[in-house]
Amino acid sequence: MEHDRFLDLLFARSRRANVTMVLIALNALVFVASAGMSGNLMQISSPVLLTLGANHAPLVMQGEVWRLLAAMFLHGGLLHIGFNMFALYQAGQIVERLFGAPGFLLLYLAAGIAGNVASMWWNPQAVSVGASGAVFGVYGALFAYVRAQPGSMPISVFNQIRS
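Each value, and the rule that gives it
- Residues numbered from 1 in each chain as written.
- Predicted model: local features only at pLDDT ≥ 70, side-chain atom pairs only at ≥ 80, totals over all residues.
- Heavy atoms only, no water.
- Patch = residues over 30% accessible without salt bridge, like charges linked within 9 Å, V, L, I, M, F, W, Y side chains within 5 Å.
- Areas by Shrake-Rupley, 256 points an atom, 1.4 Å probe, with all protein chains shown as cover.
- Salt bridge = Lys/Arg side-chain N within 4 Å of Asp/Glu carboxyl O.
- Helix = DSSP H or I, 4+ residues; strand = E, 2+ residues; numbered from the N terminus.
- Buried < 20%, exposed > 50% of the residue type's maximum accessible area, 1.4 Å probe, protein only.
- Phe/Tyr/Trp six-rings, centres within 6.5 Å; stacked < 30°, edge-to-face > 60°.
- Contact = heavy atoms within 4.5 Å.
- Polar contact = N/O pair within 3.5 Å; in protein donor to acceptor, adjacent residues only side chain to side chain.

Asks: Where do I start with a nonpolar patch on the surface in this structure?
Replies: A cluster of nonpolar side chains, Leu-41, Met-42, Leu-78, Leu-79 and Phe-83, forms an exposed patch at the surface whose accessible area comes to about 550 Å². One can find Leu-78 in helix α6 (residues 78-99). Of the residues examined, Leu-78 reaches a relative accessible area of 38% and is grouped as partly exposed.

Now the structure itself:
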């Protein structure tokens, strides 16, 4: 009962999580284009990823800062995008409603850019892509909300998301 009441209140804030769905659609469209260019759904080649904006420290340091944003919408293969978009769909539905569409979009983009900066720092020679940094930021915001608002989310909802 508590689970259903929480979801009713959450959905009363916003019937749809439009930003989440648009982000998933954009990622999917970019993936289809990159897979088409690479000729392989399971592993997109590094040259294709670099052409489309993969994160690579030497290029970013030469002024191609746009890669920090573009890399968030590129994925290395079908499993990569599948797991990232499943995680985004799960948490994004809730976090977008908790923080509002503009706040959620800002959170997603800031976390993704921060993740790409961390990736450059961790391994400057790597070519990195994916929405993982942004998705981790979404989950981090959800856990921070639950921590800051104890009892605001039924344990059954929390456990469902956590698993």
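So, next bit.
Asks: Would you take a moment to explain the packing of aromatic side chains for this structure?
Replies: Here the distance between the centres and the angle between the planes together describe a pair of aromatic rings. In this structure the tally under the stated criterion is four aromatic pairs. Residues Phe-99 and Tyr-145 carry aromatic rings whose centres are separated by 6.2 Å and whose planes lie at 65 degrees to one another, so their mutual orientation is edge-to-face. Placement of the pair is Phe-99 in helix α6 and Tyr-145 in helix α8 (residues 132-148), with a sequence separation of 46 residues. When the centroid spacing of 6.1 Å and the interplanar angle of 55 degrees are considered together, the rings of Trp-121 and Trp-122 count as tilted. By the burial criterion, Trp-121 is exposed, and Trp-122 matches it.

Asks: How should I be thinking about the environment of Gln-93 in this particular structure?
Replies: Considering the arrangement of structural elements, one finds Gln-93 in helix α6. Distance in space between the C-alpha atoms of Gln-93 and Ser-128 is 26 Å, their sequence separation being 35 residues. Setting aside residues up to four positions removed in sequence, Gln-93 forms contacts with Ala-17, Thr-20, Met-21 and Leu-88.

Asks: Sorry, what's going on with the side chain of Asn-116 here?
Replies: Residue placement: Asn-116 occurs in helix α7 (residues 101-122). In terms of polar contacts, Asn-116 uses its side chain to reach the backbone carbonyl oxygen of Leu-68, at 2.7 Å.

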